[in-house]
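Architecture at a glance
Single-letter residue listing:
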Amino acid sequence: MQDLSDGQTPKENGYGMDTDYNSMDESSNSGTENHFEGTDVKDMRIEAEAVVNDVLFAVSNMFVSKNLPCVEEVAYINVETREKNRYCLELTEAGLRVVAYDFDQMDDSLQNPYHETVYSLLDSVSPAYREAFGNALLQRLEDLKSDGQS
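- Looking at an unreviewed UniProt entry, one finds the protein chain named GSK3B interacting protein, with Pseudonaja textilis as its source organism.
- We quote the UniProt Sequence similarities (unreviewed entry) comment for the protein chain here in full: "Belongs to the GSKIP family."

See the structure below:
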């Protein structure tokens, strides 16, 4: 979970996008940008690995696709929700979107919207993710409360 002890809200410190809960901390975001001739280029494979590491606790299975092409501009993530629904997600600068309803697939006929965060996307497709995330957040708050009392 991110540390907001500096008093900033997730939106103020740059991590919150379309949701107010974002467990990504600064350390998990380091190293995701490469600097080439003064331009910032994100390596989407590295971004995809960070996405997986952030929410793996709240889904049944999640991994970066080894069968679909991952390049600097796009990566694909396979996710199985706790409800046993499978999705293939596309990760680009525009965000994440469902591109198929099975692993390692792309269905060009799907026109699903982009989500700015994996949290928003999973929240929209998986009630069990929402519950697991909420439980993890409550546990973190309890841990912080306990730390503050000792």
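Some words on a nonpolar patch on the surface
- A cluster of nonpolar residues, Leu137, Leu138, Leu141 and Leu144, forms a patch on the protein surface that exposes about 350 Å² of accessible area.
- Assignment of secondary structure puts Leu144 in helix 4 (residues 127-149).

Thoughts on the packing of aromatic side chains
- In this structure the tally under the stated criterion is five aromatic pairs.
- Ring centres 5.8 Å apart and planes at 65 degrees place the aromatic pair Tyr87 and Tyr101 in the edge-to-face group. With a gap of 14 residues between them, Tyr87 in strand 5 (residues 86-92) and Tyr101 in the loop between strand 6 (95-100) and helix 3 (118-125) connect regions that are remote in the sequence.
- The ring of Phe103 is capped by Arg86, whose NZ or CZ atom sits 4.1 Å from the centre of that ring.

Thoughts on the confidence of the model for the protein chain
- Looking at the protein chain, the pLDDT average stands at 79 and 71% of residues meet or exceed 70.
- Within the model, the stretch residues 1-41 combines pLDDT values under 50 with 70 contacts to residues more than four positions away or in other chains.

Things to note about the sheet that holds strand 3 (residues 61-64)
- Taken in spatial order, the four strands of this open sheet run 3-4-5-6, and their pairing is antiparallel. The sheet terminates laterally at strand 3 and strand 6, the two strands that pair on one side only. Pairwise comparison of adjacent strand axes, ignoring direction, gives a mean angle of 25 degrees for this sheet.
- The sheet contact formed by strand 5 and strand 6 spans five bridges and is antiparallel. Opposite Thr92, over in strand 6, you have Gly95 as the bridge partner.
- Along the sheet, helix 2 (residues 44-55) contacts strand 3, strand 4 (75-80) and strand 5; its crossing angle with strand 3, the most-contacted strand, is approximately 165 degrees.
- Where helix 3 meets the sheet, its contacts fall on strand 3, strand 4, strand 5 and strand 6, and the angle it forms with strand 6 comes to roughly 40 degrees.

The rules we used
Residue positions are given per chain, counting from 1 as you read along its sequence in written order. Residue-level local features of this predicted model are given only where pLDDT is at least 70; pairs of side-chain atoms are given and counted only at 80 or more, and the full residue set underlies all totals for whole chains, interfaces and linings. Hydrogens and water are ignored here; the side-chain numbers use all heavy atoms of the structure. UniProt positions are given in the numbering used here, feature names are shortened, and annotations may be inferred rather than shown by experiment. Put simply, a patch holds well-exposed residues, over 30% relative accessible area, that have no salt bridge, with like charges counted together within 9 Å and Val, Leu, Ile, Met, Phe, Trp or Tyr side chains within 5 Å. Only the protein chains shown count as cover for residues, with accessible areas throughout obtained via the Shrake-Rupley method and a probe of 1.4 Å. Here a salt bridge means any side-chain nitrogen of Lys or Arg lying within 4 Å of a carboxyl oxygen belonging to Asp or Glu. Secondary structure is summarised from DSSP: a helix means a run of H or I of at least four residues, a strand means a run of E of at least two, and numbering begins at the N terminus for each. Each Phe, Tyr or Trp ring (for Trp, its six-membered ring) is paired with any other whose centre lies within 6.5 Å, and the angle between the two planes then decides the class: stacked below 30 degrees, edge-to-face above 60, tilted in between. Throughout this description, the term charge over a ring refers to an Arg CZ or Lys NZ atom that lies within 6 Å of the ring centre and within 35 degrees of the ring normal. pLDDT gives the predictor's per-residue confidence on a scale running from 0 to 100. The contact definition used throughout considers only heavy atoms, calling two residues in contact when any of these lie within 4.5 Å. When DSSP finds two or more bridges between two strands, those strands count as paired. With axes taken as lines fitted to C-alpha atoms, and helix axes fitted only over the stretch in contact, angles between N-to-C directions fall between 0 and 180 degrees.

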